[in-house]
Amino acid sequence: MWLPLLVVAALIFLYRWNRQRQTLQNLTDKYVLITGCDSGFGNLAAKQLDAKGLHILAACLTEKGAMDLKKKASSRLQTVILDVTDSQKVSAVAEWVANTLGNKGLWGLVNNAGFAFALAPNEWQRKEDFIMALNVNLLGTINMTLHLLPLLRQTGGRIVNVSSALGRLSCVGGGYCISKFGVEAFSDSLRRELDFFGIKVSIIEPGAFVTSMTDFELHKKNLRRLWEDLPIEVKENYGELYYQQYMQSMERLMGSASKRLHEVTDCMEHALTAIYPWTRYSPGLDSKLFFIPLSYLPTVVSDYVLRLFTPKSQ
């Protein structure tokens, strides 16, 4: 009884494995723009894809980030300074890309630039605390995509948007989860709209990885600032114990971050170079085994599990 099912499962697995390992030819003719290349995923992806022979246009936030990257890449790689929250600079970079490519068109856009220092209880924050995460993670992604769509349409290329496992399961307050849920929604609608033009849209939903955005000291500093600025009444409602427990849970989360950044950049590479890219990638064991599976369970179950890790007020 089980043997036919096992055979069918094995055949499906082999078919999917063979299909997903097929890659495009003539990669050396393709141009890819990546945002957030100063460090972390963007920096590693730029070097990794450059080594594969692609022409990389690396957008960095700082001159130092751009200079350091160029020292470790081939002469094909070009850098540009970009703050994705600045619409004028986004427009200028889009014009620079068009001038750089001439009539070649852009093969890939990787919206990787991100901001994560917005993890805290919602009530502790003001509108201004939400804005930075939304501007970088969501509006920056949207703005870059809209400006570069004409160039991507020329090639029927690829858009790779970096979301997060926390874009599927909102387990912490602040603008980060909200922005990543927005990236998911934008990517889903974009994928369906652009299928007509042959453009494929992929979403990457990483778990926790060791980058500048998982620097616990920076998260600790932000959390302390928010706590100290709270009105006395709100502080009394939550209590010092809640604050300390929240800080400890944040430290555990950052301490569990994986150092295997290539798991994320390998997903970026596959999304850009595979003949049949996936719609979603979930690099990281925490993403694969905890956040994503939990997001599919009934709300009552996911709420119960997440409450086990939630600080308690005194």
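Look above for the structure.
In what follows, the accompanying structure is described.

Conventions and cut-offs
- Residues numbered from 1 in each chain as written.
- Predicted model: local features only at pLDDT ≥ 70, side-chain atom pairs only at ≥ 80, totals over all residues.
- Heavy atoms only, no water.
- Helix = DSSP H or I, 4+ residues; strand = E, 2+ residues; numbered from the N terminus.
- Rg over C-alpha atoms; globule rule 2.2 N^0.38 Å.
- Buried < 20%, exposed > 50% of the residue type's maximum accessible area, 1.4 Å probe, protein only.
- Contact = heavy atoms within 4.5 Å.
- Areas by Shrake-Rupley, 256 points an atom, 1.4 Å probe, with all protein chains shown as cover.
- Lys, Arg positive; Asp, Glu negative; His and termini not counted.
- Charge placed at Lys NZ, Arg CZ, Asp CG, Glu CD.
- Axes fitted to C-alpha atoms, helices over the stretch in contact; angles between N-to-C directions.
- Parallel < 35°, antiparallel > 145°, perpendicular 65-115°, else oblique.
- Left-handed = near helix turned anticlockwise from the far one by under 90°.
- Nonpolar A, V, L, I, M, F, W, Y, C, P; charged D, E, K, R; others polar.
- Core = buried A, V, L, I, M, F, W, Y, C linked by side-chain atoms within 4.5 Å.
- Patch = residues over 30% accessible without salt bridge, like charges linked within 9 Å, V, L, I, M, F, W, Y side chains within 5 Å.
- Salt bridge = Lys/Arg side-chain N within 4 Å of Asp/Glu carboxyl O.
- Arc of directions from axis to C-beta.
- Pairing = 2+ DSSP bridges.
- Right-handed = clockwise from strand over helix to strand, strands pointing away.

## So, the overall build of the chain
- Looking only at helices and strands, one finds 12 helices and 7 strands in the chain.
- Scaling as 2.2 N^0.38, a compact globule of 314 residues should have a C-alpha radius of gyration of about 20 Å, and the chain matches this with 21 Å.
- Seen through its principal axes, the chain has C-alpha atoms that stretch 65 × 60 × 35 Å.
- Here the chain holds 314 residues, and the buried ones make up 50% of them.
- Within the chain, contacts between residues at least 6 apart in sequence are counted, and of these 71% link residues at least 24 apart.
- Summed over its atoms, the accessible surface of the chain is roughly 16100 Å², and 58% of this surface lies on carbon and sulfur atoms.
- Here the chain carries 34 positive and 29 negative side-chain charges, and the mean point of each set is 8 Å from the other.

## Some words on unusual backbone geometry
- Backbone geometry places Asn-26, a non-glycine residue, at a positive phi of 55 degrees.
- Examined against the element boundaries, Asn-26 turns out to sit in the loop between helix 1 (2-20) and strand 1 (31-35).
- Residue classification places Asn-26 among the exposed residues on the basis of a relative accessible area of 54%.

## Focus: the packing of helix 4 (residues 87-101) against helix 5 (residues 127-155)
- Direction vectors running N to C along helix 4 and helix 5 enclose 20 degrees, while the axes themselves pass 10 Å from each other. As summarised for this structure, helix 4 and helix 5 are arranged roughly parallel, according to the angle between their axes. Crossing handedness for the pair helix 4 and helix 5: right-handed. On helix 5, the residues touching Ser-87, Val-90, Ser-91, Ala-94, Val-97 and Ala-98 of helix 4 are Asn-143, Met-144, His-147, Leu-148 and Leu-151.
- Residue composition of the contact of helix 4 with helix 5, grouped by class: 7 nonpolar, 4 polar and no charged.

## Here's the deal with the nonpolar core
- Core analysis: the biggest nonpolar cluster contains 30 residues, and Val-32, Ile-34, Ala-46, Ile-56 and Met-268 have the highest contact counts within it.
- Broken down by secondary-structure element, the contributors of at least two residues to this core are strand 1, helix 2 (40-51), strand 2 (55-60), helix 3 (63-71), strand 5 (158-162) and helix 10 (262-273).
- For this core, the leading source of residues is helix 10, giving 5 residues.
- Each residue touching Ala-46, except ones within four places of it in the same chain, is listed here: Ile-34, Cys-37, Ile-56, Ala-58, Leu-69 and Leu-77.

## Some points on a nonpolar patch on the surface
- On the surface, Trp-2, Leu-5 and Leu-6 cluster together to form a nonpolar patch covering roughly 390 Å² of accessible area.
- Locating Trp-2 in the fold gives a position in helix 1.

## A closer look at the packing of helix 7 (residues 216-228) against helix 9 (residues 240-255)
- In the contact formed by helix 7 and helix 9, the axes pass within 10 Å of each other and the chain directions differ by 160 degrees. As far as their axial angle goes, helix 9 and helix 7 are roughly antiparallel. Here helix 7 runs over helix 9; the crossing is right-handed. Contacts from Phe-216, His-219, Lys-220, Leu-223, Arg-224 and Trp-227 of helix 7 reach helix 9 at Glu-240, Tyr-243, Tyr-246, Met-247, Met-250, Glu-251 and Met-254.
- A per-class count over the contact of helix 7 with helix 9 returns 8 nonpolar, 1 polar and 4 charged.

## Observations regarding helix 3
- Within the sequence span of helix 3, burial applies to Gly-65, Ala-66 and Leu-69. Viewed end-on, helix 3 has its buried residues packed into an arc of 100 degrees, placing them on one side of the element. Across helix 3 from its buried face, at more than 90 degrees, point the exposed residues Glu-63, Lys-64 and Lys-71.
- Each element contacted by the buried residues of helix 3 is listed here: helix 2, strand 2 and strand 3 (78-81).

## Considerations on the environment of Val-160
- By the element assignment, Val-160 lies in strand 5.
- Each C-alpha atom of the pair Val-160 and Ser-187 lies 8.8 Å from the other, and the pair is 27 residues apart in sequence.
- Ignoring sequence-local partners within four residues, the contact set of Val-160 consists of Leu-109, Val-110, Asn-111, Ser-202, Ile-204, Ala-271 and Leu-272.

## Some thoughts on the pairing of strand 4 (residues 108-111)
- The two faces of strand 4 match: Gly-108 and Val-110 on one face and Leu-109 and Asn-111 on the other face are all buried.
- Relative to strand 4, strand 1 runs parallel, the two being bridged by 3 bridges. By the bridge assignment, Leu-33 is partnered in strand 4 with Leu-109.
- Across 4 bridges, strand 4 lies against strand 5 in parallel orientation. Paired with Leu-109 across the strands is Ile-159, a residue of strand 5.
- Regarding topology, helix 5 serves as the crossover connection from strand 4 to the parallel strand 5, and that connection is right-handed.

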